[in-house]
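The primary structure of each chain is shown beneath.
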Amino acid sequence: MKLGTKCIQTGWQPKNGDPRVLPIYQSTTFKFDTVDYVGELFDLKHSDHFYTRLSNPTLECVENKISALEGGVGALLTSAGMSATFIAVMNILEAGDHMISTSCIYGGTYNLFSVTLPKMGVEVTFIDQDAPEEEIAAAFKPNTKLVFGETIANPALSVLDIEKMARLAHSHDCPLIIDNTFPTPILCRPFEWGADIVVHATTKYMDGHALAIGGVIVDSGNFDWNSGRKFANITDKDPSYHGLSYTEAFGKAAYIVKARAQLMRDLGCQAAPMNGFLLNVGLETLHLRMKQHSSNALQLAEFFEAHPKVEWVNYPGLKNDKYYALSQKYLPDGQSGVISIGVKGGREGAVRFMEKVKLAALVVHVADARTSVLHPASETHRQLSDKQLTECGISPEMVRVSVGIEDIEDIIADFEQALD
Ligand SMILES: *Cc1c(COP(=O)(O)O)cnc(C)c1O
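Residues numbered from 1 in each chain as written. Predicted model: local features only at pLDDT ≥ 70, side-chain atom pairs only at ≥ 80, totals over all residues. Heavy atoms only, no water.

Q: Tell me about the overall build of the protein chain, residues and numbers included.
A: Counting secondary structure elements, the protein chain contains 17 helices and 12 strands. A compact globule built from 420 residues would reach a C-alpha radius of gyration of about 22 Å, and the protein chain, at 22 Å, matches this within 12%. Taken over the C-alpha atoms alone, the protein chain extends approximately 75 × 55 × 35 Å along its principal axes. For the protein chain, buried positions account for 56% of its 420 residues. In the structure as shown, the protein chain presents an accessible area of about 17200 Å², 53% of it carried by carbon and sulfur atoms. Taken together, the 37 basic and 51 acidic charged side chains of the protein chain have centroids lying 1 Å from each other. (Helix = DSSP H or I, 4+ residues; strand = E, 2+ residues; numbered from the N terminus. Rg over C-alpha atoms; globule rule 2.2 N^0.38 Å. Buried < 20%, exposed > 50% of the residue type's maximum accessible area, 1.4 Å probe, protein only. Areas by Shrake-Rupley, 256 points an atom, 1.4 Å probe, with all protein chains shown as cover. Lys, Arg positive; Asp, Glu negative; His and termini not counted. Charge placed at Lys NZ, Arg CZ, Asp CG, Glu CD.)

Q: Help me get a handle on a positive patch on the surface, residues and values and all.
A: Where like charges cluster on the molecular surface, the positive patch consists of Lys309, Arg352, Lys356 and Lys358. Along the polypeptide, Lys309 turns up in the loop between helix H13 (286-305) and strand E8 (310-314). (Patch = residues over 30% accessible without salt bridge, like charges linked within 9 Å, V, L, I, M, F, W, Y side chains within 5 Å. Salt bridge = Lys/Arg side-chain N within 4 Å of Asp/Glu carboxyl O.)

Q: Mind laying out the nonpolar core, listing which residues take part and the relevant values?
A: Residues Ile66, Leu77, Ile162, Met165, Leu176, Leu283 and Leu286 are the most contacted members of the largest nonpolar core, which totals 52 residues. Counting only domains with at least three residues in this core, you end up with domain 1 (3-281) and domain 2 (288-419). With 45 residues, the next largest nonpolar core counts Ala88, Val199, Ile217 and Ala259 among its residues. (Core = buried A, V, L, I, M, F, W, Y, C linked by side-chain atoms within 4.5 Å. Domains from an automatic or database assignment.)

Q: Could you give me a rundown of the sheet that holds strand E9 (residues 338-343), with the residues and numbers involved?
A: Read from one edge to the other, the open sheet built from five strands follows the order E8-E9-E12-E11-E10, with strand pairing classed as mixed. With partners counted over all chains shown, the strands left at the sheet margins are E8 and strand E10 (361-362), one partner each. Sheet topology note: the E9/strand E12 (residues 398-402) ladder contains five bridges and is antiparallel. The residue of E12 that forms the bridge with Val338 is Ser402. Lying on the sheet, H13 is in contact with E8, E9 and E12; it crosses E9 at an angle near 10°. Of the strands in this sheet, E9, E10, strand E11 (372-374) and E12 are in contact with helix H15 (residues 346-354), which crosses E9 at around 125°. (Pairing = 2+ DSSP bridges. Contact = heavy atoms within 4.5 Å. Axes fitted to C-alpha atoms, helices over the stretch in contact; angles between N-to-C directions.)

Q: How would you explain the pairing of strand E4 (residues 144-150) if you had to name every residue and give the values?
A: Most of E4 sits out of view: seven of its seven residues are buried. Note: strand E2 (residues 98-102) against E4, four bridges, orientation parallel. Looking at E4, one finds that Met99 is bridged to Leu146. Here E4 pairs with strand E5 (residues 176-179) via four bridges, running parallel. Residue pairing in the sheet places Val147 in a bridge with Leu176 of E5.

Q: Got a sec to walk through the pattern of salt bridges? Specific residues and values, please.
A: According to the stated counting rule, one finds 12 salt bridges in the structure shown. In this structure, the salt-bridge partner of Lys145 is Asp97, at a minimum N-O distance of 3.2 Å. Placement of Lys145 in strand E4 and of Asp97 in the loop between helix H4 (81-90) and E2 is noted, with a sequence separation of 48 residues between them. As far as burial versus exposure is concerned, Lys145 and Asp97 are alike and both buried.

Shape is all these values report; function is a separate question.
Next comes the structure, spelled out in structure tokens:
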């Protein structure tokens, strides 16, 4: 199946007389006939659902759809994008380990890596993703266990050279985890470029209508946890699962089964069945929406580029953009719907501009059907120091524009009157 068909046809497979549309299994638990069978469920010997913190039929269908879109062996839905990232890294790491992340990442993820993980005994080194390979290679240590980056960074809009990062990670026997929230699998599939694990804030384009917070982890099944470095967490016997080894028991799906059976069990940040249902409705139009977001964004970026009151424009689809070459390699079908601009007049100019837009709304969100604006320095990235802001690619005059799927003429007219 092509991607657009997968958006609609994968996941829920109704049998004779079943509902046409994915049903919401709004139930915490499931009924069984014998005690022995339930015991075997706890031993992971059957794949039935028995408690919604671990799995649920509605969520499973959506997980299978997203896994099919990314080309993975399995997926796990979580209550938020942040819990997806947290579980994705902690499924590999423990106190005493080290990881490498690019510094151009989502503000929440930056806080998680720079403040919260160190409290748990995990050391994180931030690197400049555009640095030469030798420079990045120097950041690896004997206890480095993974590398993390974002395909299109929110909000810096830098495009990651995924192949380069995968080469660096793999030559040091480490997996590469990619946050693919902005492109979605419609515009980029990181597994095709060597990434091992993908995470998403489904909150954004996958949902697409700003209905429900959510996240997902997808496992490519390609990383060999037995080669090179020691990934004892995944290969050795798990005392909290009476001595089961995930790699021995589940082969290529070891990582994603462990994320569910161990960390989702212990942390409980499961997605709600209702939210899975809403996400599935969003996914059915993802291929159409990503095309429209991308074409609207390119036209709006070209308008900004030509406007005298705009100091600079970042959009990886613009020919003059620093990341144009990388975007043509990794995102040839569209560069997604987020633009950042520097409005003349510094921080004050940016704030005045934002308060003048009418169709575009001032919301703390990005990547849904409606056009919106946000001022990272005083909103999402408020906790960061000026030095950290610069490392994340954020300046005081930056306005992040999330281009919706309205008619582009109306969108441009709104920004034109605001700039005037
Ligand atoms: C929003 C976002 C997240 C966090 O997702 P939540 O659902 O808000 O927890 C992570 N990564 C990126 C790129 C995001 O845009």
